[in-house]
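Overview (structure and organization)
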Amino acid sequence: MLNSQDLFINTINVLPNGAKRYFLHLKQGSTSYRKEAERLLLWATQIRGKPVSSLTREDVIAYEAFLCHPPATWCDDSLARRGEHRRLFTGPLAERSRRQALGILAGLFNYLVRAGYLAGSPFVLQRRRARRGMPRAIERYLDRSLWDDVLHSIDGWPRSTNRNCQRYERARWVLRFLYETALRASEAAAACESDFQRVRGRWWLHVVGKGDVEGQIPLSDHLMEDFARYRGFHGLPPAPADNGKIPAILGIAGRASALTPTAIYQIVKATFRHVADTLQKEDAAKASRVRRASTHWLRHTAATHQAEDGTPIHHIQQNLRHSSIGTTSIYLHAEEDSRHASTTRTRADASQQREGDLP
């Protein structure tokens, strides 16, 4: 019987302090990241007989095959799904689940490389192969006109009761906050008063994001006015306290308790569904697109609009905290739009010329 928790702890104890803290953080944090790290660490030590620092590209290939056919002892139905003595698999992983698992592990190994624990990652080629068929540009965003329609629709929500007002003010602030800052749901959930910092007369938001990457997000005066409005509605001073711990997005009924990332995601999805229901009567295509939107769509929308407004790409890279400017370039739609316009215009002009030449 596998005592996965003890094996996990024993394995990470051999890591340097920085990497050890990272894996312990995974143990307490994201369930999917912790699960994949635990599976690989146990597989490496038990099946391959080596530490994670010695894994090679061949080991990665062998591990992917292992995910297709994990042994029965790792899938024992008699073991609990949680706790120290638990089964690590319910059965073979489907292709999509394998891709997700390997993608998560690639991210973890990238951290170990950056931390100096590893010279390179055996997952690098895996990630490149997985990206080959991905689209060159992000399309999960709302164009400027549709985004304006969303905001206009929310402004039309009823506010006849206190509960309606709470719902309206929350939706109004959450969407504007996520759009202006391009934060992930987890980052928005963690943001509190002390993260809002005024430097030389300008407001910034301090963020610690994925992979413990820190960043400073510039905040517009308009967003700070929206923040003051949201706080004022709930009886708070308009400006955040320097050392305050009140979350940027308040809890239910304006309580000073942080929401979970899942709760923020659900608020955004519910808001988009409500807006889509309103738009359905006028434009079914717009309604369908809005209905698909989520918290991450707001991040993509923010980056796309910044690019369209002429924000330098390296500034967008810093705002989104991308390690590679190549990742940021997927939001640059203007060049593709220009290429499409010039190509189709040339063909249209040629067609009209041919028609004019007919007797």
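The structure contained in this document is the topic of the report that follows. A quick note: this is a predicted structure, and the numbers were derived from the prediction, not measured.

**Quick look at unusual backbone geometry**
With phi around 60°, Ala182 is a residue other than glycine that occupies positive phi space. Looking at where Ala182 falls in the secondary structure, it is placed in the loop between helix H8 (162-181) and helix H9 (185-190). For Ala182, a relative accessible area of 0% gives the class buried.

**Some details on the pairing of strand E2 (residues 202-208)**
With burial as the criterion, only one face of E2 is covered, namely that bearing Trp203, Leu205 and Val207; the residues Arg202, Trp204, His206 and Val208 on the opposite face remain uncovered. Where strand E1 (residues 196-199) meets E2, four bridges bridge the pair, whose relative direction is antiparallel. When the bridges of E2 are listed, Val199 appears paired with Arg202. Count of turn residues in the E1/E2 antiparallel hairpin: two residues, of which Arg200 carries a positive phi of about 50°. The pairing of E2 with strand E3 (residues 214-219) spans six bridges and is classified as antiparallel.

**Structural notes on the nonpolar core**
A general tendency of soluble globular proteins is for nonpolar side chains to be buried together. In terms of nonpolar packing, the biggest core is built from 52 residues, with Val150, Phe177, Phe196, Ile249 and Phe272 touching the most fellow members. The contact partners of Ile249, leaving out residues within four places of it in the chain, are Trp173, Val174, Phe177, Ala188, Tyr230, Leu259 and Ile264. Counting residues in each nonpolar core, the second largest holds 28 residues, with Leu42, Trp43, Phe66 and Ile104 among its members.

**Side note on the side chain of Asn319**
Looking at the secondary structure, you find Asn319 in helix H14 (residues 313-320). Using a relative accessible area of 12% as the deciding quantity, one classes Asn319 as buried. Leave out the neighbours within four places in its chain, and Asn319 touches Thr181, Ile217, Pro218 and Gln306.

**A few points about the packing of aromatic side chains**
The final tally for this structure, using the stated rule, is 13 aromatic pairs. Ring geometry for Trp74 against Phe89: centres 6.2 Å apart, planes inclined by 45°, an arrangement best described as tilted. One end of the pair, Trp74, is in the loop between helix H4 (57-68) and helix H5 (95-114); the other, Phe89, is in the loop between H4 and H5, with 15 residues separating them in the sequence. The exposure class of Trp74 is buried, given its relative accessible area of 2%. When the ring of Trp173 is compared with that of Phe177, the centres are 5.0 Å apart and the planes differ by 15°; the resulting orientation is stacked. With Trp173 and Phe177 both in helix H8 and four residues apart, the pair spans about one turn of that helix.

Cut-offs applied
- Sequence order as written defines residue numbering, which begins from 1 separately in each chain.
- Only residues with pLDDT of 70 or above have their local features reported here, since the model is predicted, and side-chain atom pairs are shown and tallied only from 80 upward, although totals for entire chains, interfaces and linings are computed over all residues.
- Side-chain figures throughout are based on the complete set of non-hydrogen atoms in the structure, without hydrogens or water.
- Each helix is a run of H or I in the DSSP string that is no shorter than four residues. Each strand is a run of E no shorter than two, and both are numbered from the N terminus.
- Buried, partly exposed and exposed residues are distinguished by accessible area as a fraction of the type maximum, computed with a 1.4 Å probe on protein chains only: under 20%, between the cut-offs, and over 50%, respectively.
- Note on pairing: DSSP must find at least two bridges between two strands before they are called paired.
- Each nonpolar core is a collection of buried residues, namely Ala, Val, Leu, Ile, Met, Phe, Trp, Tyr and Cys, held together in the definition by side-chain atoms within 4.5 Å.
- In this description, contact between two residues means that some pair of their heavy atoms is separated by no more than 4.5 Å.
- For this analysis, a ring pair means two rings from Phe, Tyr or Trp (six-membered ring only for Trp) whose centres lie within 6.5 Å, classed as stacked if their planes differ by under 30 degrees, edge-to-face if by over 60, and tilted for the remaining angles.

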